[in-house]
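Overview (structure and organization)
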Amino acid sequence: MKVPVPVVYSVLFVASILARSVQAEPQLVVPDGPPKVVSFPFTKVNKNPYNIPYRNRRFRKRADKTILQILDNADYLYYANITIGTPPQNLRLHIDTGSSDLWVESTESTFCQDSSNPCERTGTYDRSSSSSYEYVSSDFRITYADKEFSHGDYAKETFGVGDAKVTGLQFGIGLETTSSEGIMGIGYDTNEVQVDWLGKDPYPNLIDLMVEQGHIQSRAYSLWLNDLDADTGEVLFGGIDTAKYKGKLHTIPIDTRKGKSSPSEFMVTLTGIGLTNNISQTMSLTSSKFGIPVLLDSGTTYTYIPTSLYQNLAAELGVQYVSRTSVVACSLRDYNGTVDFDFSGFKINVPFSELVVDAFDIYGYPITFDNGEQLCFFGVFPESSSDGSYVLGDTFLRSAYVVYDLDNAEISLANVHFNVSESDIMEIGSGKKAVPDATGVENPVTLEFTGTTLPHDTPAITQTRNVQATENPSIAAALLTPTVGGVIGAWLMMWSFLA
Ligand SMILES: *[C@@H]1O[C@H](CO)[C@@H](O)[C@H](O)[C@H]1NC(C)=O
Ligand SMILES: *[C@@H]1O[C@H](CO)[C@@H](O)[C@H](O)[C@H]1NC(C)=O
Ligand SMILES: *[C@@H]1O[C@H](CO)[C@@H](O)[C@H](O)[C@H]1NC(C)=O
Ligand SMILES: *[C@@H]1O[C@H](CO)[C@@H](O)[C@H](O)[C@H]1NC(C)=O
């Protein structure tokens, strides 16, 4: 058996070795037989979320019980335009799989009334001008991992999401808040803040009511965030869009917290991390026994992995950790390689280009290394906490088509097609194996996790542009070791294969 052993060469060596390896590149293996792809006419998705004419495929189950919500990718955060109240008021909410409450900014909030108009983009809700407003209680309190909070009232309202109208949905009204955007948490109702903090029973949240009111068949939805530089992504409640991913969906179980009988957050087991270089050679950075619980969280901008594993990855790619920020030469995005995330044998391959995020200083200018090479953020950060609160955020999720099946406590994954406008929507049914086009991985690895500070009610919202704003970029650049800026060294990697 051949075991790949990592060897890092200097640039000069790499040049000559690459020349040899390219010549020695093995023939592409083309599978026998006709391709397994059936081709049929596409339905183009209209980008207007309130008027989406997706037609049912004639030879497929009717996909009428799905709700498509287009998401705006603004500064690498994902927003849904929704409506609230009667007559409808327009709001833009940050979509978050890591929390379970929906809350909105209010015209009554002193924060929003500031002359700088901080809530302008998300919009403010005026309960006094809605006939469907219903007061519930005054104990709404949510605090996120980045210490932002929102306190106020719970109420019930009518919401418009995609082309669906959801009535009587409980939500929070932010009366006292530090955050400039309302949030649409779409996690398990058992993870609502009032369950943990007030010891109350869960109330039916958005996904629960979509099922209860007959819009979708079971509590399941798919998320396609799309390319880093794309303007929009999609969340599809009650359905999957087979045009948006490669191959078939692979299903793994959601992990359960120790002592609980069912999960309340989207935690799954990551069984390995590896790399693929530009001539399709792969290497693993983890042992065969590796396994950690990771939260699939659209509300977190970056990805957080154990420090030792981060150090291995950083060494291979020339990434440096400076002023609590993960940075790399922007030119890494031009290299055709992937970081491979393994889930019980199925891998999501995240292109380097999806992990290299533009960095700006506090004045909005690009940051450069000492040698003039442009500096970027790297989308993976070290997480030192021993309680296992590792998060696969947007820098990972953009490369994955993810189906969250709350009822069956399963996640289905596939590698995405970026930037496709075609659409082929299939409905998710109810009961076991409700997700179409999905097969379970052969030997799923599950973990019971114990963490006390897991972000179960505290989605970490990291504003990309604010990471550097709190640092002095010239100090950060000066701290960088000159070799990396100059050589972009280790990411020019090669592996020798020893018998
Ligand atoms: C959401 O609303 C904003 C503001 O009206 C608009 O600019 C944006 O295009 C809308 N997004 C979608 C996906 O319709
Ligand atoms: C997707 O579209 C964006 C915006 O047009 C573009 O910058 C990006 O390179 C595209 N990505 C791929 C993988 O084609
Ligand atoms: C792989 O990357 C190296 C270093 O950037 C480059 O010289 C080489 O041409 C690339 N090979 C292929 C097949 O893209
Ligand atoms: C990148 O590499 C993959 C295989 O690793 C290959 O299929 C693809 O064609 C390459 N893309 C470019 C632009 O060279």
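Since the model is a prediction, treat every value here as computed from it, not as a measurement. (Residues numbered from 1 in each chain as written. Chains lettered and ligands numbered in written order. Predicted model: local features only at pLDDT ≥ 70, side-chain atom pairs only at ≥ 80, totals over all residues. Heavy atoms only, no water.)

1. A closer look at the site of ligand 2
Asp227, Asp229, Phe418 and Asn419 make up every residue found near ligand 2. Asp227 places a side-chain nitrogen or oxygen 3.1 Å from a nitrogen atom of ligand 2. In the model, an oxygen atom of ligand 2 is placed 2.4 Å from a nitrogen or oxygen of the Asn419 side chain. Compared with its free state, where it exposes 370 Å², ligand 2 has 43% of that area covered by protein. Its residues assigned to classes, the shell around ligand 2 comprises one nonpolar, one polar and two charged. (Near = heavy atom within 4 Å. Polar contact = N/O pair within 3.5 Å; in protein donor to acceptor, adjacent residues only side chain to side chain. Areas by Shrake-Rupley, 256 points an atom, 1.4 Å probe, with all protein chains shown as cover. Nonpolar A, V, L, I, M, F, W, Y, C, P; charged D, E, K, R; others polar.)

2. Brief notes about the UniProt feature "active site" (unreviewed entry) in the chain
Taken from the UniProt record, the annotation "active site" (unreviewed entry) applies to Asp96 and Asp297. A stretch of 202 residues holds the annotated residues, and the largest C-alpha distance among them is 6.8 Å, short enough that they meet in one place. With respect to the helices and strands, the residue Asp96 is situated in strand E5 (residues 89-96). Among the residues examined, Asp96 registers a relative accessible area of 0% and is labelled buried. Among the polar contacts listed, one links the side chain of Asp96 to the backbone nitrogen of Gly98, at a separation of 2.9 Å. Mapping Asp297 onto the fold places it in the loop between strand E19 (292-296) and strand E20 (303-306). Judged by its relative accessible area of 0%, Asp297 falls in the buried class. (UniProt positions renumbered as here; feature names shortened; annotations may be inferred. Helix = DSSP H or I, 4+ residues; strand = E, 2+ residues; numbered from the N terminus. Buried < 20%, exposed > 50% of the residue type's maximum accessible area, 1.4 Å probe, protein only.)

3. Concerning unusual backbone geometry
At the junction of Thr86 and Pro87, the peptide bond is cis and its omega measures out at -5° in the coordinates. Within the fold, Pro87 resides in the loop between strand E4 (77-84) and E5. Phi at Asn117 is positive, roughly 55°, even though this residue is not glycine. Relative to the elements of secondary structure, Asn117 occurs in the loop between helix H2 (110-113) and strand E7 (134-143). Judged by its relative accessible area of 35%, Asn117 is partly exposed.

4. Considering the sheet that holds strand E24 (residues 346-351)
Hydrogen bonds between backbone atoms are what pair the strands of a sheet, whose relative direction is either parallel or antiparallel. Judged by pairing direction, the sheet is antiparallel, and its four strands sit side by side in the order E18-E17-E23-E24 without closing on themselves. Pairing within the sheet leaves two strands with one partner each, and these edge strands are strand E18 (282-284) and E24. Pairwise comparison of adjacent strand axes, ignoring direction, gives a mean angle of 25° for this sheet. Alignment of strand E17 (residues 272-276) against E18, held across three bridges, turns out to be antiparallel. Following the sheet pairing, Thr276 is matched in E18 by Thr282. Together, E17, E18 and strand E23 (338-343) form the strand contacts of helix H5 (residues 307-317), whose direction differs from that of E17 by roughly 5°. (Pairing = 2+ DSSP bridges. Axes fitted to C-alpha atoms, helices over the stretch in contact; angles between N-to-C directions. Contact = heavy atoms within 4.5 Å.)

5. Focus: the pattern of salt bridges
Here the structure, examined in full by the defined rule, presents 13 salt bridges. Its salt-bridge partner being Lys244, residue Glu234 comes within 4.0 Å of it at the nearest N-O pair. One end of the pair, Glu234, is in strand E12 (residues 232-237); the other, Lys244, is in the loop between strand E13 (239-241) and strand E14 (249-253), and ten residues separate them in sequence. In this structure, Lys258 engages Glu448 in a salt bridge whose closest nitrogen and oxygen atoms are separated by 3.8 Å. With Lys258 in the loop between strand E15 (256-257) and strand E16 (267-270) and Glu448 in strand E35 (residues 448-449), the pair connects residues that are 190 residues apart, well separated along the chain. Here Lys258 matches Glu448 in class, with each residue exposed. Residues joined in a network through salt bridges with shared partners are Glu108, Arg127 and Asp153. (Salt bridge = Lys/Arg side-chain N within 4 Å of Asp/Glu carboxyl O.)

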